[in-house]
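Survey of secondary and tertiary structure
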Amino acid sequence: MSAYINIIQEYKDIPGGLIEAYHALQREYNYIPEDAIAEAAKIFGVSEARAYGVATFYSYFKVGERGRYVIRICESAPCHVAGAAEVVKALEQQLGIKMGETTGDGKFTLEFCECVGQCQATPVITVNSKPYLDVSPEKIPGILSECQ
Amino acid sequence: MAEEMRIVLRNYGKIDPLNIEDYLKAGGYKGLEKARAMSQIDLINEVKKSGLRGRGGAGFNAGAKWSFSYNTGAEVKYVVCNADEGEPGTYKDRIIMENDPQSLLEGMAICGYAIGAQKGYIYCRGEYPYVVDILNQAIDQAKAKGVLGDFDIEVRMGAGAYVCGEETALIESIEGHRGEPRFKPPFPPVAGLWSNPTIVNNVETFANIPVILEKGADWYSSIGAKSYPGTKVLTLTGDVNNRIFIEVPTDTTIRQVIYDFGGGIPDNKKFKAVQIGGTSGGFIPESLLDTSIDFDSMSGIGAALGSGAVFVMDETRDIVDVVQRITKFFEHESCGKCTPCREGTKRMNEIICRLNSGQGLAYDLTTLEKLGRVMSVACLCGLGQAAPAPVLTTLKHFADDYSAHLN
Ligand SMILES: Cc1cc2nc3c(=O)[nH]c(=O)nc-3n(C[C@H](O)[C@H](O)[C@H](O)COP(=O)(O)O)c2cc1C
Ligand code: FES
């Protein structure tokens, strides 16, 4: 609990710092722990409802646990026509989970996302924000084995 | 054969973006020096005269926008750079920031001097954490060199909400709130960030400013299309041989973009459609390819230049399937503040899904058209207003694709 407080405190005096604090929490945990929302509300002097409302508005933030490696697949039109669906199928098959789920060992989470601005080499996926370009089903095992 | 012209990307590949000395050697910060030797009014008039219009989608004259903030006489004002770059198929602001971050900082500092602001924010999308690092390093170097004078710049990170590219939603987000657009007026140049006068400009707009100062308004206004002078950075995606970015004068035609620069359609297939300006842009058929890409010519054919994304589709693409991706995008990205957008994007996606799965009826097409027309005038912000464009333009130009899906 106190770990959250220390992280959030750092942004307390920055105007509009709540979102920056959430980014910092997510850098630490890969998600925003539920309890941290209540702490953030106290520290920034806003209602818990408001702090929760901000955290859940943004798709980059995830309240509640997810895997250590968050794999996001771009499904915007350019990636879609380049074959994003096959990449999704390969990831689901190899990890044994569906989109939106986390593997039993808490290692991987699969999520859809929209364009991540790397459209020169579609389809694109990101692993903890790091982009992988021109992804095909054949490249998936290699990408997964990098996650150690 | 049309040729590129690099103004915004003048330093691309020529300097080390993480070394301010390189930028200075290439003539960097001369524009700011020149600006500071001018009166604020003369500076604003020079930018106005260049004819530079916003590169973020709305196409407003940059100098004219600055004059609104200048005229307020408020004590605290802000300069905000819109680096949210959320339009699918767009990555031009990333290319600018990764390769020449100082030119963005210089453009912002010139704006700061012009309107009388001491503080600037760059709102960079959360998907670009590596760009945030570059920007912070560039700011540290500029501060250490003292080139920015008393102008301070801070980077804020977005968190994956397309609507935060809309300037008032972006301001809400910097303030630490949900990114919901505000009612306008008042417009940001008069009352923006923390209710203070705020200029929001796109990355590419700011990156043009130092050159305009250096080479003069007359030089700039003579390039490209008369009513939207200068160049535009475009990003080519989809069914095109060269999936590249280019910077071209604004009087370049769509056909030149796709064939001269893009190298045409792969595998000897035929061209079917191009969507320009990102996901909210209209679809353009073969018959309109000789249109020039400038803002007004594009509006003239019911399309938009927007962010400059150029998404090409070949003859094998099913338009309804692509449009379904787009309507799902808008349903997801609608912030829910206003009813026509919240409900409209949902129903629009529902109908398109029905059509795409072969369950649609002719009646659905009429409903789509009506819904689209209502949304384009009734929605609070540009998201909902532009969301129907892909549907309406495909209904118009690619009616056969829809008929083929009817039950
Ligand atoms: C839904 C929506 C998304 C937008 N996204 C962006 C964006 O990602 N980048 C941008 O510069 N402008 C975006 N805009 C336009 C901004 O509201 C604003 O007009 C622009 O930043 C002004 O800068 P400019 O005059 O230099 O173009 C968006 C507008 C809407 C309605
Ligand atoms: S469309 Fe997928 S990264 Fe841009």
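Residues numbered from 1 in each chain as written. Chains lettered and ligands numbered in written order. Predicted model: local features only at pLDDT ≥ 70, side-chain atom pairs only at ≥ 80, totals over all residues. Heavy atoms only, no water.

In this section: the overall build of chain A. Helix and strand content of chain A: 7 helices and 4 strands. Reading the secondary structure of chain A in the N-to-C direction produces α-α-α-α-β-α-α-β-β-β-α. For the C-alpha atoms alone, the extent of chain A along its principal axes is close to 50 × 30 × 25 Å. Counting every atom, chain A has about 6,500 Å² of accessible surface; 49% of that belongs to carbon and sulfur. Positive and negative side-chain charges in chain A, numbering 13 and 19 respectively, have mean positions lying 1 Å apart. (Helix = DSSP H or I, 4+ residues; strand = E, 2+ residues; numbered from the N terminus. Areas by Shrake-Rupley, 256 points an atom, 1.4 Å probe, with all protein chains shown as cover. Lys, Arg positive; Asp, Glu negative; His and termini not counted. Charge placed at Lys NZ, Arg CZ, Asp CG, Glu CD.)

Take the sheet that holds strand E4 (residues 130–132) of chain A next. Residues and elements named next belong to chain A. With mixed pairing, the 4 strands of this open sheet are ordered in space as E2-E1-E3-E4. Two strands close off the open sheet at either side, each with one partner strand: strand E2 (108–113) and E4. Mean inter-strand twist for the sheet, computed between neighbouring axes without regard to direction, equals 25 degrees. (Pairing = 2+ DSSP bridges. Axes fitted to C-alpha atoms, helices over the stretch in contact; angles between N-to-C directions.)

Attention now goes to the site of ligand 1. Residues and elements named next belong to chain B. Taken together, the neighbourhood of ligand 1 is formed by 20 residues, with Gly-56, Asn-82, Asn-201, Asn-202 and Thr-205 sitting nearest. In the model, an oxygen atom of ligand 1 is placed 3.1 Å from a nitrogen or oxygen of the Lys-65 side chain. A distance of 3.5 Å separates an oxygen atom of ligand 1 from a polar backbone atom of Val-200. Taken by itself ligand 1 offers 610 Å² of open surface, and the protein chains cover 89% of this. Looking at the shell around ligand 1, the elements with two or more residues in it are strand E4 (198–202) and helix H16 (382–386). In the shell around ligand 1, the residues fall into 4 nonpolar, 10 polar and 6 charged. (Near = heavy atom within 4 Å. Polar contact = N/O pair within 3.5 Å; in protein donor to acceptor, adjacent residues only side chain to side chain. Nonpolar A, V, L, I, M, F, W, Y, C, P; charged D, E, K, R; others polar.)

Each side of the interface is counted separately: chain B has 44 residues, and chain A has 33 residues. Here chain B is connected to chain A by 3 salt bridges. Of the charged contacts, one joins Lys-328 of chain B and Glu-75 of chain A as a salt bridge, the two residues approaching to 3.0 Å between their closest N and O atoms. Our enumeration of links across chain B and chain A arrives at 23 residue pairs in polar contact (both at pLDDT 80 or more). Mapped by element, the contributors of at least two residues to the side of chain B that touches chain A are helix H7 (129–145), strand E3 (152–157), helix H8 (167–174), strand E7 (231–238) and helix H13 (319–333) of chain B. The dominant element in the side of chain B that touches chain A, judged by the number of residues it contributes, is H13 of chain B, at 7 residues. (Contact = heavy atoms within 4.5 Å. Salt bridge = Lys/Arg side-chain N within 4 Å of Asp/Glu carboxyl O.)

Turning next to helix H6 (residues 84–95) of chain A. Residues and elements named next belong to chain A. Over its 12 residues, H6 extends 17 Å from the first C-alpha to the last, a length consistent with the 16 Å expected when each residue adds 1.5 Å. Turning to H6, its buried residues are Ala-84, Val-87, Val-88, Ala-90, Leu-91, Glu-92 and Leu-95. Buried residues in H6 make contact with strand E1 (69–74), helix H5 (77–81), E2, strand E3 (125–127) and helix H7 (140–145). Within two residues after H6, Gly-96 carries a phi angle of roughly 70 degrees, on the positive side. (Expected span 1.5 Å × (residues − 1). Buried < 20%, exposed > 50% of the residue type's maximum accessible area, 1.4 Å probe, protein only.)

This next bit is on the sheet that holds strand E9 (residues 271–276) of chain B. All names here are of chain B. Read across the sheet, 5 strands follow the order E8-E7-E11-E9-E10 without closing on themselves; strand pairing throughout is mixed. Strand pairing shows two members of the sheet lacking a second neighbour, strand E8 (245–249) and strand E10 (283–285), which therefore form its edges. Neighbouring strand axes in the sheet, compared pairwise and without regard to direction, differ in orientation by 30 degrees on average. Here helix H11 (residues 254–261) sits on the sheet and contacts E7, E8, E9, E10 and strand E11 (309–314); the angle it forms with E9, its principal contact strand, is near 115 degrees.

Residues and elements named next belong to chain B. Of all 6 residues making up E9, 6 are buried, and the element is well covered by its neighbours. Bridge analysis of E9 against E11 gives 5 bridges, and the strand direction is antiparallel. From the neighbouring strand, Phe-271 faces E11, where its bridge partner is Asp-314. Where E9 lies against E10, 3 bridges are found, and the strand directions are antiparallel. Each residue of the ladder has a partner; that of Ala-273, found in E10, is Pro-285. Counted between consecutive antiparallel strands, the loop separating E9 from E10 contains 6 residues, among which Gly-277 sits at a positive phi close to 95 degrees.

Quick look at the pairing of E11 of chain B now. Residues and elements named next belong to chain B. Of all 6 residues that make up E11, 6 are buried, and the element is covered over most of its length. With burial as the criterion, each face of E11 is covered, one bearing Ala-309, Phe-311 and Met-313 and the other bearing Val-310, Val-312 and Asp-314. In this structure, E7 lies alongside E11, joined through 4 bridges in parallel fashion. By the bridge assignment for E11, Leu-236 is matched with Val-310.

Often, the extent of an interface is quoted as the loss of accessible area on bringing the components together. Residue and element names in this part refer to chain B. Under the domain assignment used here, chain B contains domain 1 (20–222), domain 2 (228–314) and domain 3 (319–403). The C-alpha centroid of domain 3 is placed 33 Å from the C-alpha centroid of domain 1. On the side of domain 3, 8 residues touch domain 1, which itself brings 10 residues to the contact. For the pair domain 1 and domain 3, the summed buried area comes to about 840 Å², and 75% of that belongs to carbon and sulfur atoms. At the boundary of domain 1 with domain 3, the tally comes to 0 salt bridges. Along the lines of polarity and charge, the residues of the side of domain 1 that touches domain 3 split into 6 nonpolar, 1 polar and 3 charged. (Domains from an automatic or database assignment. Buried area = accessible area lost by both parts, 1.4 Å probe.)

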